[in-house]
Amino acid sequence: GRKVHETGVPFNDASGDRLREWLGVSRDVFYDAKKIAILPMGFCFPGTGKSGDLPPRPECAPAWRAALLSRLKTLKLTLVIGQYAQAYHLPNEAASVTEVVQAWRKNWPHTVPLPHPSPRNNLWIKRNPWFEEKLIPALRARVSRVLANDG
């Protein structure tokens, strides 16, 4: 979003606050590059549309994502956040974010699809109580194990 774009710090907004809460980690841990790698689907802010930010530019991920991911040799957990990341990383999964996230156990424990933590998704979270009841506790436990180098 615009705040992240202006500060140059990923998830430096309400979405980041919610994501860190989901993960059960502090800002210090979240931004420790030795513990967590944050790779967006695009490295530029695409602008704002009628109902939120525009999608990542289509040329961004194909241009650099695979090369960067190949350099991360010790990945133990990949969070696939939002519809654009899910379409890229889980192209053979169900069509909707809800269906992909509901099937989170399919790629567990290495890949976990999540809805975008944006406040714009408050209604989605409210309509899908299983997400915070089932997935979030499992995710927090997994993140804790990975950060403790047990995962």
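Residues numbered from 1 in each chain as written. Predicted model: local features only at pLDDT ≥ 70, side-chain atom pairs only at ≥ 80, totals over all residues. Heavy atoms only, no water.

1. Side note on the pattern of salt bridges
Stage number 1. Per the stated rule, a full pass over the model turns up 4 salt bridges.
Stage number 2. Notably, a salt bridge pairs Arg20 with Asp17, separated by 2.7 Å at the nearest N-O pair. Here Asp17 and Arg20 lie together in helix 2 (residues 14-23), a separation of 3 residues that amounts to about one turn.
Stage number 3. Here Asp32 makes a salt bridge to Lys35, at a shortest N to O gap of 4.0 Å.
Stage number 4. On the basis of relative accessible area, Lys35 is assigned to the partly exposed category, the value being 48%. (Salt bridge = Lys/Arg side-chain N within 4 Å of Asp/Glu carboxyl O. Helix = DSSP H or I, 4+ residues; strand = E, 2+ residues; numbered from the N terminus. Buried < 20%, exposed > 50% of the residue type's maximum accessible area, 1.4 Å probe, protein only.)

2. Quick look at the nonpolar core
Stage number 1. Membership of the largest hydrophobic core comes to 23 residues, with the highest contact counts inside it found for Leu19, Leu114, Phe131, Leu135 and Leu139.
Stage number 2. Every residue in contact with Leu19, bar those within four places of it in the chain, is listed here: Phe11, Phe30, Ile81, Leu114 and Pro117.
Stage number 3. Core analysis: the next-biggest nonpolar cluster, separate from the first, contains 6 residues, Met41, Val80, Leu90 and Val100 among them. (Core = buried A, V, L, I, M, F, W, Y, C linked by side-chain atoms within 4.5 Å. Contact = heavy atoms within 4.5 Å.)

3. Here's the deal with unusual backbone geometry
Stage number 1. Cis geometry marks the peptide bond from Trp108 to Pro109; its omega dihedral reads 10°.
Stage number 2. Assignment of secondary structure puts Pro109 in the loop between helix 6 (97-102) and strand 4 (111-114).
Stage number 3. Even without being glycine, Phe11 reaches a positive phi, approximately 55°.
Stage number 4. Locating Phe11 in the fold gives a position in the loop between helix 1 (2-7) and helix 2.

4. Brief notes about the packing of helix 2 against helix 8 (residues 129-147)
Describing two packed helices takes the angle between their axes plus the distance from one axis to the other.
Stage number 1. Contact pair helix 2 / helix 8: the axes reach a minimum separation of 7 Å and the direction vectors enclose 75°. Taken as axis vectors, helix 2 and helix 8 run roughly perpendicular relative to one another. Counting all contacts with helix 2, which are made through Glu21, Trp22 and Leu23, the residues of helix 8 involved are Phe131, Glu132, Ile136, Leu139, Arg140 and Val143. (Axes fitted to C-alpha atoms, helices over the stretch in contact; angles between N-to-C directions. Parallel < 35°, antiparallel > 145°, perpendicular 65-115°, else oblique.)

5. Examining helix 5 (residues 82-89)
Stage number 1. If you check which residues of helix 5 are buried, you get Gly82, Ala85 and Gln86. Seen end-on, helix 5 carries its buried residues on one side only, within an arc spanning 100°.
Stage number 2. In this fold, the buried residues of helix 5 make contact with strand 3 (78-81), helix 6 and strand 4. (Arc of directions from axis to C-beta.)

6. Looking at the environment of Asn128
Stage number 1. With respect to the helices and strands, Asn128 occurs in the loop between helix 7 (122-127) and helix 8.
Stage number 2. The buried category is assigned to Asn128, whose relative accessible area is 9%.
Stage number 3. With 26 residues separating them along the chain, Asn128 and Gln102 place their C-alpha atoms 9.2 Å apart.
Stage number 4. For Asn128, the side chain forms a polar contact with the main-chain oxygen of Trp124, separated by 2.7 Å. (Polar contact = N/O pair within 3.5 Å; in protein donor to acceptor, adjacent residues only side chain to side chain.)

7. Some details on the packing of aromatic side chains
Stage number 1. Across all of its chains, the model carries 7 aromatic pairs by this definition.
Stage number 2. Note on Trp124 and Phe131: the rings are 5.4 Å apart at their centroids and 75° apart in plane angle, and the pair reads as edge-to-face.
Stage number 3. According to the relative accessible area criterion, Trp124 is buried, its value standing at 15%.
Stage number 4. Each ring, one from Trp130 and one from Phe131, has its centre 6.2 Å from the other, and the planes form 85°; the classification is edge-to-face. Across this residue pair, the class does not change: Trp130 and Phe131 are buried. (Phe/Tyr/Trp six-rings, centres within 6.5 Å; stacked < 30°, edge-to-face > 60°.)

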